[in-house]
Amino acid sequence: MERLWTPWRMEYIRSATVAEEDEGCVLCRLPGAGDDARVWILARGALAYVVLNKYPYNPGHLMVAPFRHVGALEDVRADELADMGELLQRAIAALRAASDPHGFNVGMNLGRAAGAGMPDHLHWHVVPRWGGDTNFMPVLGETRVLPELLDETYAKLAPHF
Ligand SMILES: [Zn+2]
C-alpha cells in the first residue's frame, strides 16, 4: 500500500515544544528582520518569499510564504499565488542544482488539525528527498538542529536562486 508521507507535520510538534519564538507571527517578522542571510531568507518576490525551515526534516527543507499575513488558502489573492508559484519553481530548481535530490515533497498544512504549526500564515513546505532517507529520518527528527547547519545549507542554496 502506498502511504502518504507528510514530513512537514513535524513543524507542529516542534513549535509546540520549542518555546523560543518571540511574540507575534514568525512569517510576518522574518522579512522585516533586516538581514535576510541571518534569518535564512533565500529569495524574495514582489509578494512572497522563500525561507529555510528552522527545523528541517531534510537538509534544504524550505518554505514559500506570502508577505501578507493570511491563513486561508481561499483568501490568498491570485497575484500572491502566482508569485508563490514562481518562487516554488525557483526553489525546486535551486535545490536540484545545489543538492540533486531524487524527489520532493511539496505540501501545505491548512489548520492545526492538519498539522500546521503556524496556521494563521499559510506556507508551502518543500522537502527534498533522497532514496532511503526515511531510514535516518526518525533519528534526525529527534535531533536538535544547530544554526550552523542551517548556515551551511543556506550558503549552498543561495547562489542558485
Ligand atoms: Zn503572519
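### Some details on the pairing of strand S1 (residues 41-44)
- By the bridge criterion, 3 bridges tie S1 to strand S2 (residues 48-52) in an arrangement that is antiparallel. Paired with Ile41 across the bridge in S2 is Val51.
- Hairpin connection of S1 to S2: 3 residues between the antiparallel strands.

### Digging into the pattern of salt bridges
- Going through the model one piece at a time under the given rule, you end up with 4 salt bridges.
- Shared partners join several salt bridges into a network, and the residues in it are Arg68, Arg77, Asp79 and Glu80.

### Some thoughts on the coordination of the zinc ion
- For the zinc ion, the full set of protein donor atoms is Cys25 (SG), Cys28 (SG), His69 (ND1) and His121 (ND1), and the range of their distances to it is 2.0 to 2.3 Å.
- Around the zinc ion, the 4 donor atoms are arranged such that angles at the metal cover 103 to 118 degrees; this shape is classified as tetrahedral.

### Focus: the side chain of His121
- Take His121: it is sitting in the loop between strand S4 (103-107) and strand S5 (124-129).
- Of note is the side chain of His121, whose polar atom sits 2.7 Å from the backbone oxygen of Pro66.
- Of the polar contacts made by the side chain of His121, one reaches the side chain of His69; its length is 3.4 Å.
- Setting aside its immediate chain neighbours within four residues, His121 contacts Cys25, Leu27, Cys28, Ala65, Pro66, Phe67, Arg68, His69, Val70 and Gly71.

### Focus: the packing of aromatic side chains
- Scanning all chains against the criterion turns up 1 aromatic pair.
- Summarising the aromatic geometry, the rings of Tyr49 and Phe67 are spaced 5.3 Å apart at their centres and angled 15 degrees between planes, so their arrangement reads as stacked. Taken together, the residues span a long stretch of sequence, with Tyr49 in strand S2 and Phe67 in the loop between strand S3 (62-66) and helix H3 (78-99) at a distance of 18 residues.
- Given a relative accessible area of 26%, Phe67 falls into the partly exposed group.

### Remarks on H3
- Along its 22 residues, H3 runs 31 Å from first to last C-alpha, staying within 8% of the 32 Å computed at 1.5 Å per residue.
- Among all positions of H3, only Glu80, Asp83, Met84, Gly85, Leu87, Leu88, Ala91, Ile92, Ala94, Leu95 and Ala98 are buried.

### Side note on the pairing of S3
- Taken across its 5 residues, S3 has 5 buried, putting it largely inside the fold.
- Taking every second residue as pointing to the same face, both faces of S3 are buried, with Leu62, Val64 and Pro66 on one and Met63 and Ala65 on the other.
- Relative to S3, S2 runs antiparallel, the two sharing 5 bridges. Each residue of the ladder has a partner; that of Tyr49, found in S3, is Ala65.
- Of the pairings in the sheet, the one linking S3 to S5 comprises 3 bridges and is antiparallel in character. Of the residues in S5, the one forming a bridge with Val64 is Trp124.

### Notes on a nonpolar patch on the surface
- A contiguous nonpolar surface patch, about 220 Å² in accessible area, is contributed by Leu73, Leu81 and Leu110.
- Mapped onto the fold, Leu73 is located in the loop between S3 and H3.

### Things to note about the nonpolar core
- Core analysis: the biggest nonpolar cluster contains 24 residues, and Leu42, Val50, Leu52, Leu62, Val64 and Leu157 have the highest contact counts within it.
- Ranked by the residues each element gives to this core, the list is headed by H3, at 8 residues.
- In contact with Val64, not counting residues within four places along its chain, are Tyr49, Val50, Met84, Leu87, Leu88, His123 and Trp124.
- Residues Val26, Leu30, Tyr49 and Met118 belong to the second largest nonpolar core, which totals 11 residues.

Parameters at a glance
Residues numbered from 1 in each chain as written. Predicted model: local features only at pLDDT ≥ 70, side-chain atom pairs only at ≥ 80, totals over all residues. Heavy atoms only, no water. Pairing = 2+ DSSP bridges. Helix = DSSP H or I, 4+ residues; strand = E, 2+ residues; numbered from the N terminus. Salt bridge = Lys/Arg side-chain N within 4 Å of Asp/Glu carboxyl O. Donors = N, O, S within 2.8 Å, 3.2 Å for Na, K, Ca; no water. Tetrahedral: all angles 85-135°; square planar, octahedral: opposite > 155°, others 65-115°. Polar contact = N/O pair within 3.5 Å; in protein donor to acceptor, adjacent residues only side chain to side chain. Contact = heavy atoms within 4.5 Å. Phe/Tyr/Trp six-rings, centres within 6.5 Å; stacked < 30°, edge-to-face > 60°. Buried < 20%, exposed > 50% of the residue type's maximum accessible area, 1.4 Å probe, protein only. Expected span 1.5 Å × (residues − 1). Patch = residues over 30% accessible without salt bridge, like charges linked within 9 Å, V, L, I, M, F, W, Y side chains within 5 Å. Areas by Shrake-Rupley, 256 points an atom, 1.4 Å probe, with all protein chains shown as cover. Core = buried A, V, L, I, M, F, W, Y, C linked by side-chain atoms within 4.5 Å.

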